[in-house]
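# A closer look at the structure
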Amino acid sequence: MSNVLIIEDNERNAYLARFLLEKRGCVVYEARDGLSGIEVARELLPDLVVLDIQLPEMDGYEVARRLRRIDELGKTPIVAVTSHAMPGDREKALAAGCNGYVEKPIEPLRFADQVLGLLAPPDPPHTGRS
Ligand code: MN
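Report on the accompanying structure. (Residues numbered from 1 in each chain as written. Predicted model: local features only at pLDDT ≥ 70, side-chain atom pairs only at ≥ 80, totals over all residues. Heavy atoms only, no water.)

## Overview of the coordination of the manganese ion
Let me state the cut-off plainly: Only N, O and S atoms count as donors, using a 2.8 Å cut-off from the metal and 3.2 Å for Na, K and Ca, and because water is excluded some sites may appear unfinished. In this text, helices come from DSSP runs of H or I with a minimum length of four residues, and strands from runs of E with a minimum of two, each type numbered from the N-terminal end. With a 1.4 Å probe rolled over the protein chains alone, any residue whose accessible area is under 20% of its type maximum counts as buried; one over 50% counts as exposed, and the rest are partly exposed.
Protein-derived coordination of the manganese ion comes from Asp9 (OD), Asp52 (OD) and Gln54 (O), at a distance range of 2.0 to 2.2 Å. The sequence motif formed by the donor residues of the manganese ion is D-x42-D-x1-Q. Remark: Gln54 occurs in the loop between strand E3 (48-52) and helix H3 (60-68) and Asp9 occurs in the loop between strand E1 (3-7) and helix H1 (11-22); sequence separation between them is 45 residues. On the basis of relative accessibility, which here comes to 35%, the residue Asp9 falls in the partly exposed class.

## Here we look at the environment of Ala14
This is how it is decided: Whether two residues are in contact is decided by their heavy atoms, any of which lying within 4.5 Å being enough.
As for its position among the elements, Ala14 is in helix H1. Note on Ala14: relative accessible area 0%, which makes it buried. Here the alpha-carbon distance between Ala14 and Asp52, two residues 38 residues apart in the chain, equals 9.3 Å. Apart from the residues within four sequence positions on either side, Ala14 is in contact with Ile6, Glu8, Glu30 and Arg32.

## Details of the layout of surface pockets
Basically, it comes down to this: Only protein atoms enter the 1 Å grid used here. Points where a 1.4 Å probe fits but cannot escape make up a cavity, open sets with protein on both sides within 12 Å along at least five of seven lines make up a pocket, and a residue lines them when an atom lies within 4 Å of a point. Grid points are joined across faces, edges and corners, and a volume is the space filled by probe spheres set on the points. Side-chain classes are defined by residue name, with Ala, Val, Leu, Ile, Met, Phe, Trp, Tyr, Cys and Pro counting as nonpolar, Asp, Glu, Lys and Arg as charged, and the others, Gly among them, as polar.
Its volume calculated, the largest pocket comes out at about 170 Å³. As for the largest pocket, its lining consists of 15 residues, of which Glu8, Asn13, Leu16, Lys104 and Ile106 are closest to the centre. Only E1, H1 and E3 provide two or more residues apiece to the lining of the largest pocket. Grouping the constituent residues of the lining of the largest pocket by class yields ten nonpolar, one polar and four charged.

## Some details on H1
Using the following cut-off: Each residue after the first adds 1.5 Å to the expected span of a helix. Along the arc lie the directions from the helix axis toward the C-beta atoms. Whenever a nitrogen or oxygen atom comes within 3.5 Å of another N or O atom, the pair is scored as a polar contact, on the condition that within protein one atom can donate a hydrogen and the other can accept it, and that pairs from neighbouring residues in sequence are kept only if both atoms are in side chains.
Helix length check: H1 (twelve residues) gives 16 Å between terminal C-alpha atoms against 16 Å at 1.5 Å per residue, within 8%. Ala14, Ala17, Leu20 and Leu21 are the residues of H1 that are buried. Seen end-on, H1 carries its buried residues on one side only, within an arc spanning 135 degrees. Opposite its buried face, H1 presents the exposed residues Glu11, Arg12 and Tyr15, each directed more than 90 degrees away. Buried residues in H1 make contact with E1, strand E2 (27-31), E3 and helix H5 (111-116). Backbone nitrogen of Arg12 and a side-chain oxygen of the N-cap are separated by 2.9 Å at the start of H1; the cap is Asn10.

Structure follows, in C-alpha cells:
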C-alpha cells in the first residue's frame, strides 16, 4: 500500500487521479498549490508525488526542485503531469528532478500504471536461504 501525494490545483483532475489511484489501493493526499504541497510532502514523506506543472504562484518545476532539496525526499518518485505538451517539457520536468511525465488529459485506463510504474518494486519474498 502506497501513500501518494497529488499536488494539483484543478479539483476535477485531482478527483480523477485520486479515484484511479485509490482503486489500486493507494492512500491519497492532496494539495492545491506548490507551497502547501511541499509542506505536506515534508510531513507525510509520501511514497510517490503526482505533480501538476501548471500551478498558481509556483509552477511544478520549482516545486520539484524544492522537493529534491529536502533530504528525505531526495529519491521520492515524482511524476509530472502537464497539459502543455510542448517540445522540451519532458526534458524540463526531468531536469527539475521529476522521474516521469504524463500528459493531460490523463487516460483513465493507463494513468495508474504510468504513475505506479515508478514505484520501486517490493522486496522479493525472503527465501530463508541466506
Ligand atoms: Mn493546474
